[in-house]
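# Structural features, examined
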Amino acid sequence: GIGLRLSGDESRELLADGNLDAFKRWLDAEGLYVFTINGFPHGTFHGQPVKADVHAPDWRSEERVAYTLRLAEILSALLPDGVDGTISTSPLSYRPWVDGDLDACTANVMRVGEELRGTRIALAIEPEADGALANVDDLLRWWPDGLENVTVCFDACHSAVAYEEPEAALDALDAAGIRVGKAQLSAALIVPAEAHEELRAFADPIYLHQVTERGSNRSWPDLPEALADDGGGEEWRVHFHVPIFVERYGALRSTQEHLERCIRRVRTSHLEIETYTWDVLPAELKASSVDSIAREYEWVLDVLR
């Protein structure tokens, strides 16, 4: 099973000149199938700074709508018989951009939900720290009546950064009648108060690494700001998708135990391992990406057994 990631430009390219048919033939020949697409990042996601632009264009824009519908067209052509599909997407916008005004975002999500009516494809909204929907509580407060073919993408790393208890968060979604369409299996960093200095090796120029502090309302939009403002305090959790098979990094730990609880509790067949930070890990943690990805699958399969 393949979780596909396509930029806006790549989605247009795949729909042109017979490329989609050729890609489908290649998948069939290799014994692969696509069941989900990551439609959160619209632009470049590796090799150059992304930071807050991972949210652009947001759900206020026509291009976000058009991009998502292109992904739905692609996924519809690739889904095997009897398999439903999901497209994960951003938490509507980056919170500083919208200042709580989500009306345009909501209207566009509802438009896409209507377009997906009668298909085998569901949109899956992914809460993330500093997104307009940062956690499950935000999502429950926002969720409008009448959404069609819209579900939740439950990212374990994001949930851990929000200090959610996975069982309670997933129970709350169940109680509200909101389905988890997709779960992203990922782990965050846990940083004891005395080990903040060890975080400097994880501060990279590519991705946002939001930081939250246990037992307070303090949070930071990225690691450099947290390190510059370090006044001690309590444990931190950092939005850095670390390899899920590793429990400790010196004095730092991963939220591996939280992830294991998510896997055991979540009710969806769409499980996608989502470690994308191989290129920006500290040098001493880098290893063969093929071997590392194989170890991630082995770890998840052990939990599922």
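What this report covers is the structure whose coordinates are included nearby. Since we're looking at a predicted model, the values are computed, not measured.

### Thoughts on the packing of aromatic side chains
Per the counting criterion, the structure on display carries 8 aromatic pairs. Between F202 and F240, the ring centres sit 5.2 Å apart and the planes meet at 90 degrees, which makes this aromatic pair edge-to-face. In this pair, F202 sits in the loop between β7 (187–191) and β8 (211–213) while F240 sits in strand β10 (residues 236–242), placing the two residues 38 residues apart along the sequence. Judged by its relative accessible area of 4%, F202 falls in the buried class. Judged by its relative accessible area of 0%, F240 is buried. Both rings, one in W220 and one in W236, keep their centres 5.1 Å apart while their planes meet at 50 degrees; by these two values the pair is tilted. Here the residue W220 occupies a position in strand β9 (residues 219–220), and W236 occupies one in strand β10, the gap between them amounting to 16 residues. Across the pair, exposure class does not vary: W220 and W236 are buried alike. One aromatic cluster in this structure is built from F202, F240 and Y249.

### Thoughts on the pairing of strand β6 (residues 180–185)
Counted residue by residue, β6 has 6 buried out of 6 residues, so it is predominantly covered. Alignment of strand β5 (residues 150–155) against β6, held across 4 bridges, turns out to be parallel. Bridge pairing in β6 places F154 opposite A183. Here β6 pairs with strand β13 (residues 271–273) via 3 bridges, running parallel. Pairing of L185 across the sheet is with I273, part of β13.

### Here we look at the nonpolar core
Membership of the largest hydrophobic core comes to 81 residues, with the highest contact counts inside it found for L92, V109, W142, L189 and L199. No other element matches the 7 residues that helix α3 (residues 62–78) contributes to this core. Among all residues touching L199, those that are not within four sequence positions of it are L189, V191, L223, L227, W236, V238 and L252. Listed in part, the 5 residues of the second largest apolar core include A129, A160, V161 and A188.

### Some thoughts on the packing of helix α8 (residues 166–175) against helix α10 (residues 256–265)
The N-to-C vectors of α8 and α10 enclose an angle of 35 degrees; their axes lie 9 Å apart at closest approach. Considering only the axes of α8 and α10, their crossing is right-handed. Judged by residue contacts, P166, E167, L170, D171 and D174 of α8 engage H258, R261, C262 and R265 from α10. Residues of the contact of α8 with α10, tallied by class, amount to 3 nonpolar, 1 polar and 5 charged.

### Comments concerning the sheet that holds strand β1 (residues 2–5)
The 7 strands lie next to each other as β1-β2-β3-β4-β5-β6-β13, forming an open sheet whose pairing is parallel. Each having just a single partner strand, β1 and β13 make up the two edges of the open sheet. Shown here is a sheet whose adjacent strand axes are inclined to one another by a mean of 25 degrees, direction ignored. Where strand β2 (residues 34–38) lies against strand β3 (residues 85–89), 3 bridges are found, and the strand directions are parallel.

### A word on the environment of L20
As for its position among the elements, L20 is in helix α2 (residues 19–30). Through-space distance from the C-alpha of L20 to that of V65 is 20 Å; in sequence the pair is 45 residues apart. Excluding residues that lie within four positions of it along the chain, L20 makes contacts with L14, L15, I74, A77 and L78.

### Quick word on the layout of surface pockets
Here the largest pocket is characterised by a volume of approximately 760 Å³. Every residue lining the largest pocket is counted, 28 residues in all, and those nearest its centre are G3, E272, I273, E274 and Y297. Of all the secondary-structure elements, those providing two or more residues to the lining of the largest pocket are β1, β2, β13 and α11 (289–304). Here the element with the most residues in the lining of the largest pocket is α11; it accounts for 6 residues.

### Observations concerning the pattern of salt bridges
A side chain of one charge can pair with a side chain of the opposite charge when the charged atoms of the two come close. Per the stated rule, a full pass over the model turns up 23 salt bridges. Note that E167 and R261 form a salt bridge whose closest N and O atoms lie 2.7 Å from each other. Linking E167 in helix α8 with R261 in helix α10, this pair joins segments that are 94 residues apart in sequence. Note that E213 is salt-bridged to R218, the shortest N-O span being 2.9 Å.

About the criteria used
Each chain has its residues counted from 1, following the order in which its sequence is written. Only residues with pLDDT of at least 70 are given local features in this predicted model, and only at 80 or more are side-chain atom pairs given and counted; all residues enter the totals for whole chains, interfaces and linings. Heavy atoms throughout the structure, all of them, feed into the side-chain values; hydrogens and water do not. Only centres within 6.5 Å qualify two rings of Phe, Tyr or Trp (six-membered ring in Trp) as a pair; their planes then separate them into stacked at under 30 degrees, edge-to-face at over 60, and tilted for everything else. Going along the chain from the N terminus, every DSSP run of H or I of four or more residues is numbered as a helix, and every run of E of two or more is numbered as a strand. Using a 1.4 Å probe on the protein chains alone, a residue whose accessible area is under 20% of its type maximum counts as buried, one over 50% counts as exposed, and one in between counts as partly exposed. A pair of strands is considered paired only if DSSP assigns at least 2 bridges between the two. The term nonpolar core refers to a set of buried residues drawn from Ala, Val, Leu, Ile, Met, Phe, Trp, Tyr and Cys, joined through side-chain atoms within 4.5 Å. In what follows, a contact means two residues having at least one pair of non-hydrogen atoms within 4.5 Å. To obtain each axis, a line is fitted to C-alpha atoms, and for helices this fit is confined to the stretch in contact; angles are then taken between N-to-C directions over 0 to 180 degrees. If you view the pair so one helix is near and one far, a crossing is left-handed when the near helix is turned anticlockwise from the far one by less than a right angle, and right-handed when it is turned clockwise. Residue polarity follows a fixed list, in which Ala, Val, Leu, Ile, Met, Phe, Trp, Tyr, Cys and Pro are nonpolar, Asp, Glu, Lys and Arg are charged, and the others, Gly among them, are polar. In this analysis the probe radius is 1.4 Å and the grid spacing 1 Å, with only protein atoms considered; a cavity is a set of points the probe fits into but cannot get out of, a pocket is an open set with protein on both sides within 12 Å along at least five of seven lines, and lining residues have an atom within 4 Å of a point. Grid points are joined across faces, edges and corners, and a volume is the space filled by probe spheres set on the points. Any carboxyl oxygen of Asp or Glu within 4 Å of a side-chain nitrogen of Lys or Arg constitutes a salt bridge here.

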